[in-house]
Structures are given as structure tokens and as C-alpha cells.
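Residue-level listing of the chains:
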Amino acid sequence: MTCGIYEIRNRINGKVYIGLSVNVDNRIRNHKYKLKRGNHDNPYLQKAYSKSKDAFFFSLIEECKEEELEQKEIEWINHFNSNLTEHGYNLLSGGVSCFRHHETSIKKMKISSRLCNTKLSYEDVKYIKMSLFLCMDVKDIADLFNTTMDIVYKIKQGNESNFGWVLPELNGRFDELRKEDNINLESEIVKLMQQGYSALSISNQLNIPYEKVLGIFKTEGAFESKKEDIQTRNKSMREEFKLGISKKEILKKYKISASQYNRILGKRLSERKKEIYIKVIALHKEGISNSEIGKIFNLNRCTVGDYVNGKIIFK
């Protein structure tokens, strides 16, 4: 049984994770098991491992006495700067004691919970911060932890009244990671663009806003394709609208605003409303109630009333 400091290193980019254990072999086996299952405690390391499993190797870097473990871990993390995003996967600066909480901290957490009107535990907040660190969507995080987006944003601020002492070393690093992710995303967009994919196709493939892709196209000197892409998108939208695809589905697929939807489908929307108006009047004359007509066309009963009473007229 070996007591000491170990590393998990990515041979592709040189990034490293430093850890300590009184039984290094057993600890490394545990790391491998969790990483392979996709549920490692460090989501930053897990994300990197999932992308390139074969790039990682595990090794002992120093044997030491048990009482030296914490200090040695801190020294090695400082040596590799592995708690900095560009150098490694450590979320903290090392030492098991950084996870212990004094009575003062516990009181602070209780006060903070009342201020935030949330029942989140320390572990919840820790994983929320790590999720933010991985640039997960705020709404997805809120749904996952059964809390509000406002609470997640407060945690992201990282000040004392909003769990700032939970993983304090992550405070202020979210913007840094977002920039890194944006650079990677832009590289992927450019790569697909060079392969001949249109902006609309890239938008759908990467699940990002169409306008963002067009912005990259403009930067890369491919902005001349904008008009053609927009025409293709609009044509596709009109065809789907004609087939009866709902507004919600179209907005989600093409990542456009409601105002853009109305502008692109303006004439067709007017024609659709006129068709519905004619059918509403016809059904009313047959004695169908406003409530039943509303259910048929997914209209508010008052709107149906405005139609039949002549307050809204389509010519």
C-alpha cells in the first residue's frame, strides 16, 4: 500500500489533476472506475476524459508520510498550476482540510439559505458551481436542482451573501471558461464552414443561434452566403408552417424570436388567420358554441366572440 501524491495527466494538452491518498493504487482504481462510468466527482475532469479517454494516464509522482499528504498535494498543485484552467483539472488548491467547515461557516450557510430563499445544501451549491464552471446552461442547472434561475445567478456571483465560501476558487472563473468555450465553438464553426456547410446547417448541427453562426461567417469573409442562407431558412420555415408545424416548434428549430417569426411568415400568417376567421363564422352559424370553436382552433373564447360579433374582421 503506497501513501503519496498521484497525477492524472492528459498527454495531448499536458493538463494534469493532482490528488493524494494513503493508498494510491486503490485511489487510482476508484478514479478510473468513476471516469469510465461517467460519474466522476470532478465534472471538469470527467468532461475532458469523456472526449479523449485514451489520452489519460495515471501515475504516482511522490511517496510521502500520511501527515505530509496535504502539504505535498498543495506543493504539487502549485508546481503544475493545476488549479488554473489552462494547466489542469483541480478545482481547489489542495489539502483535504479545505473541505472542512467551521461552525461560523455553517452559520453563514444557514443565513445565506434564508436570504436566497432556498433549501440547497452545501453539496448542491458545490455541484451547481462546478456545473457553471463547465458552462452548463443556467436554466438546465436550475431544473436539475429544483431551484430558480435567480438563485443560480446569485451563486454564480460568488459573493459572501450567496455561498461565496463554497469552492471560493471558482469565483470569478466562469467568464474565463466561457471565453475558452467560445473560442472552441468558433473553431468548430469555421471548420464546418470550410467543409462547405451552410450557416443554417451549422446552426442546426451545433444547436446554436443562427445569427451567431452568421457573425462568424462575416468575420471569416464568408458573409456573402448570408442572403442565400436566409432565403433557404425562410423557405424551409414557410414550408413547415404550411404543413401545420406549430409556432413553438419552428421557433425552437430555427432559434429565432417571435418578431422574426411574424415578419418572415407575415403574409401567410394573415392568410391563416383569415381562413380560421371564415371557419369560425361558419361554425357559429351552425350553432357551435364559442367555447367549442375555441378548442377546435386553439383560440381564446373572447377572441372567438370578437370574431362573431364583428369586432375583428378579415376582408
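The sections below set out a description of the structure shown in this document. (Residues numbered from 1 in each chain as written. Predicted model: local features only at pLDDT ≥ 70, side-chain atom pairs only at ≥ 80, totals over all residues. Heavy atoms only, no water.)

Here we look at the overall build of the chain
Logical step 1: From N to C terminus, the chain includes 16 helices and 3 strands.
Logical step 2: Taking the contacts inside the chain whose residues are at least 6 apart along the sequence as the reference set, 56% of them involve residues at least 24 apart. (Helix = DSSP H or I, 4+ residues; strand = E, 2+ residues; numbered from the N terminus. Contact = heavy atoms within 4.5 Å.)

Topic: a negative patch on the surface
Logical step 1: On the surface, a cluster of negative charge is made up of Glu 66, Glu 67, Glu 68 and Glu 75.
Logical step 2: The residue Glu 75 is located in helix H3 (residues 69-80) in this model.
Logical step 3: Overall, the relative accessible area of 38% leaves Glu 75 in the partly exposed class. (Patch = residues over 30% accessible without salt bridge, like charges linked within 9 Å, V, L, I, M, F, W, Y side chains within 5 Å. Areas by Shrake-Rupley, 256 points an atom, 1.4 Å probe, with all protein chains shown as cover. Salt bridge = Lys/Arg side-chain N within 4 Å of Asp/Glu carboxyl O. Lys, Arg positive; Asp, Glu negative; His and termini not counted. Charge placed at Lys NZ, Arg CZ, Asp CG, Glu CD. Buried < 20%, exposed > 50% of the residue type's maximum accessible area, 1.4 Å probe, protein only.)

As for the pairing of strand E2 (residues 16-21)
Logical step 1: In terms of burial, E2 is a largely internal element, 6 of the 6 residues being buried.
Logical step 2: Burial along E2 is two-sided: the residues Val 16, Ile 18 and Leu 20 and Tyr 17, Gly 19 and Ser 21 are all buried.
Logical step 3: Relative to E2, strand E1 (residues 4-10) runs antiparallel, the two sharing 6 bridges. Residue pairing for E2: Glu 7 is matched across the bridge by Ile 18.
Logical step 4: Counting the residues that bridge the hairpin from E1 to E2 gives 5 residues, and of these Gly 14 lies at a positive phi of roughly 80°. (Pairing = 2+ DSSP bridges.)

Concerning the nonpolar core
Logical step 1: Counting residues in hydrophobic clusters, the biggest one holds 35 residues, and the most contacted among them are Phe 56 and Ile 128.
Logical step 2: Secondary structure elements with two or more residues in this core: E1, helix H1 (24-37), helix H2 (43-51), strand E3 (56-63), helix H5 (122-133), helix H6 (138-144) and helix H7 (149-157).
Logical step 3: Structurally, this core is a two-domain feature, drawing no fewer than three residues from each of domain 1 (4-80) and domain 2 (104-171).
Logical step 4: Setting aside its immediate chain neighbours within four residues, Ile 128 contacts Leu 120, Ile 141, Phe 145, Val 152 and Ile 155. (Core = buried A, V, L, I, M, F, W, Y, C linked by side-chain atoms within 4.5 Å. Domains from an automatic or database assignment.)

Observations concerning the packing of helix H14 (residues 266-285) against helix H15 (residues 290-297)
Logical step 1: Look at H14 against H15: their axes get within 10 Å of each other, and the N-to-C directions meet at 145°. Between H14 and H15 the crossing geometry is right-handed. The segment H14 lies against H15, with Ile 276, Lys 279, Val 280, Leu 283 and His 284 engaging Asn 290, Ile 293, Ile 296 and Phe 297. (Axes fitted to C-alpha atoms, helices over the stretch in contact; angles between N-to-C directions. Left-handed = near helix turned anticlockwise from the far one by under 90°.)

Re helix H16 (residues 301-308)
Logical step 1: Where H16 is concerned, the buried positions are Val 304, Gly 305, Tyr 307 and Val 308. Take H16 and look down its axis: the buried residues cluster within an arc of 155°, on one side only.
Logical step 2: The secondary structure elements touched by the buried residues of H16 are H14 and H15.
Logical step 3: Of the residues that open H16, the one with a side-chain oxygen 2.7 Å from the backbone nitrogen of Cys 302 is Asn 300.
Logical step 4: The first or second residue beyond H16 is Gly 310, which carries a positive phi of 80°. (Arc of directions from axis to C-beta. Polar contact = N/O pair within 3.5 Å; in protein donor to acceptor, adjacent residues only side chain to side chain.)

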